Amino acid sequence: MEKYEQLEQLLKQALSSTAEPGEALNQKIKSKLKENKTMKPARKRMAVALITAIVLLMSTSALAAWQFLSPKQVAENLGDKTLAKAFDRENAILINKSITSGDYTFTLLGITSGKNLSDMKSSVEDIHPDRTYAVVSIAKEDGSPMPGPSDERYGQTTFIISPLIKGQKPWQVNIFTMNGGYSECVVDGIIYRMIECDSIEMFADRGVYLYAGTGSFINNRTVSYNEKTGEITTNANNKEANALFDLPLDVKKSDHEKAEKYLKELLNPVPEPPTSTEPAIDWDKEFADGIVLPESIKKVTYDESGLACYQHDSGDLKTSLDGLFKDGETGVWKTVSVIGDGKEETAIQFSKDENGVVTGRAVKKAK
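Note that the coordinates shown come from a computational prediction; the quantities given were computed from them, not determined experimentally.

Q: What is the right way to look at the environment of Ile348 in this model?
A: Within the secondary structure layout, Ile348 lies in strand S17 (residues 345–352). Along the sequence, Ile348 and Tyr310 sit 38 residues apart, while their C-alpha atoms lie 8.8 Å from each other. If we ignore the near neighbours within four places in the chain, the residues touching Ile348 are Tyr310, His312, Leu317, Lys334, Thr335, Val336, Ser337, Ile339, Arg361 and Ala362.

Q: Before we go on, may I ask you to explain the packing of aromatic side chains in this structure?
A: In this description, an aromatic ring pair is defined by two values, namely the gap between the centres and the angle between the planes. Per the counting criterion, the structure on display carries 6 aromatic pairs. For the pair Phe203 and Tyr262, a centre-to-centre distance of 6.1 Å together with 70° between the ring planes defines the contact as edge-to-face. Within this pair, whereas Phe203 is found in the loop between strand S6 (190–198) and strand S7 (208–214), its partner Tyr262 is found in helix H7 (residues 256–267), the two being separated by 59 residues in sequence. The pair formed by Phe203 and Tyr262 is uniform in burial state, with each residue classed as buried. What links up through ring pairs into an aromatic cluster is the set Tyr104, Phe106 and Phe159. Cation over ring: Arg193 sits above Tyr182, and NZ or CZ is 3.7 Å from the ring centre. Over the aromatic face of Tyr310 sits the side chain of Lys298, whose NZ or CZ is 5.8 Å from the ring centroid.

Q: What's the story with the side chain of Glu345 in this structure? I'm lost.
A: Inspection of the secondary structure assignment puts Glu345 in strand S17. Beyond its immediate stretch of four places on either side in the chain, Glu345 contacts Trp283, Phe287, Val338, Ile339, Gly340, Val363, Lys364 and Lys365.

Q: Would you explain the sheet that holds strand S5 (residues 181–187) in this entry?
A: What links the strands of a sheet is backbone hydrogen bonding, and the strands pair in either a parallel or an antiparallel sense. Across the sheet, 5 strands lie side by side as S1-S2-S3-S6-S5; this open sheet has antiparallel pairing. For this open sheet the edge positions go to strand S1 (93–101) and S5, each flanked by a neighbour on one side alone. Strand-to-strand, the axes of this sheet are offset by a mean angle of 20°, without reference to chain direction. The sheet contact formed by S1 and strand S2 (residues 104–115) spans 7 bridges and is antiparallel. Bridging from a neighbouring strand, Ser98 pairs with Thr107 of S2.

Q: Got a minute to help me understand the pattern of salt bridges in this structure?
A: Pairs may arise between side chains of opposite charge once their charged atoms sit close together. Within the structure shown, the criterion is met by 12 salt bridges. Residue Asp151 pairs with Arg153 through a salt bridge whose shortest N-O separation is 2.8 Å. By relative accessible area, Asp151 is classed as partly exposed at 24%. The partner of Lys253 in a salt bridge is Glu201, and the shortest N-O contact between them spans 3.7 Å. In this pair, Lys253 is assigned in the loop between strand S10 (242–246) and H7 and Glu201 in the loop between S6 and S7, connecting sequence segments 52 residues apart. One connected set of salt bridges, linked through shared partners, spans Arg131, Glu196 and Asp198.

Q: Just to check I follow, could you spell out unusual backbone geometry for this structure?
A: Most peptide bonds are trans, and most residues other than glycine sit at a negative phi. The phi angle at Asn96 is positive, at roughly 55°, despite the residue not being glycine. Following the sequence through the fold, Asn96 ends up in strand S1. For Asn96, a relative accessible area of 45% puts it in the partly exposed group. At Asp188, a position not held by glycine, the phi torsion is positive, near 55°. Of note, Asp188 is situated in the loop between S5 and S6.

Q: Help me understand the nonpolar core in this model?
A: Soluble, globular proteins show a tendency: their nonpolar side chains are buried together. Among the nonpolar cores identified, the biggest contains 33 residues, and Phe106, Ile138, Met178, Ile200, Phe203, Leu210 and Leu247 are the most heavily contacted of them. Discounting residues that sit within four places of it in the chain, Ile138 has contacts with Tyr104, Thr105, Phe106, Met146, Phe159, Ile161, Ile190 and Ile191. Counting residues in hydrophobic clusters, the runner-up holds 19 residues, among them Ala84, Ala86, Leu117 and Val187.

Thresholds applied
Residues numbered from 1 in each chain as written. Predicted model: local features only at pLDDT ≥ 70, side-chain atom pairs only at ≥ 80, totals over all residues. Heavy atoms only, no water. Helix = DSSP H or I, 4+ residues; strand = E, 2+ residues; numbered from the N terminus. Contact = heavy atoms within 4.5 Å. Phe/Tyr/Trp six-rings, centres within 6.5 Å; stacked < 30°, edge-to-face > 60°. Buried < 20%, exposed > 50% of the residue type's maximum accessible area, 1.4 Å probe, protein only. Lys NZ or Arg CZ within 6 Å of the ring centre and 35° of its normal. Pairing = 2+ DSSP bridges. Axes fitted to C-alpha atoms, helices over the stretch in contact; angles between N-to-C directions. Salt bridge = Lys/Arg side-chain N within 4 Å of Asp/Glu carboxyl O. Core = buried A, V, L, I, M, F, W, Y, C linked by side-chain atoms within 4.5 Å.

Given below as structure tokens:
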């Protein structure tokens, strides 16, 4: 593409934007234009200067888009030719939307979904062949370069990028539970991360978000979930850099029945059959007459990933509370772990009160 064709395209992009620069910038450019009136005729140069001035007056968004690789180029940098072609098709959605939070600017560049879109195959595709791929760039807000793989600082700051579904708890339905993963490259001081997961198009009629931020987990500290409306927003108390994008998916590609089946399998996985023919031990019954250690009774705490944490003389315990208590079940002690060699055994038990507070205790088996 010739230089003037590029500038013409840039001008069209700028004229379509609603963003406006500051008055100081406008006055500066106007002054430059007045100076140019006294210069000798140079039509091509004047045309370039005039177009550039108009672009700056109207918008800086088109120029900003030039600093990033396209999703196709990111796929090429990652060595995935098939995915690069997929981002060049009509089905791909090019977005180029940026959100600055803390020290970073997150830009959602594009997204595409479908079958057999990548050279990188995995066993997950045998079960869920439809996959979604999204590209997000991460840049320093002050313009300084992000460290690359050869820099010892690379990886010291972790980032998480994950799709979230409206109406579903973010800590239950996210990139981890949706068979996701990512690959990334650093080009000209900007991180480009390509995430993939089970296709999100089936949820298009519900509303789908893409979360990007520093950290490693999705929990109620990073985002807020409205139980009544199903809306997901960033948590105002989250000290991490974070951004939440609404994904412009095609509602016509949604599949409510398929989505319901998928969620049912994801949220209620079928337990694997026991490998032993011996009957399972009912530990709650085994320790029903046990001796409670008074000093062990304490409230459980929670780590960044939402796991319940309990400290005891025999060691620290971390566990998920999902499925431990039935809806509305309070005041019942549930055994979550048994410590011992068969002769001297201690059970760690949790109980939840009517306010949702979970307490732990240690119980020694009665002799």
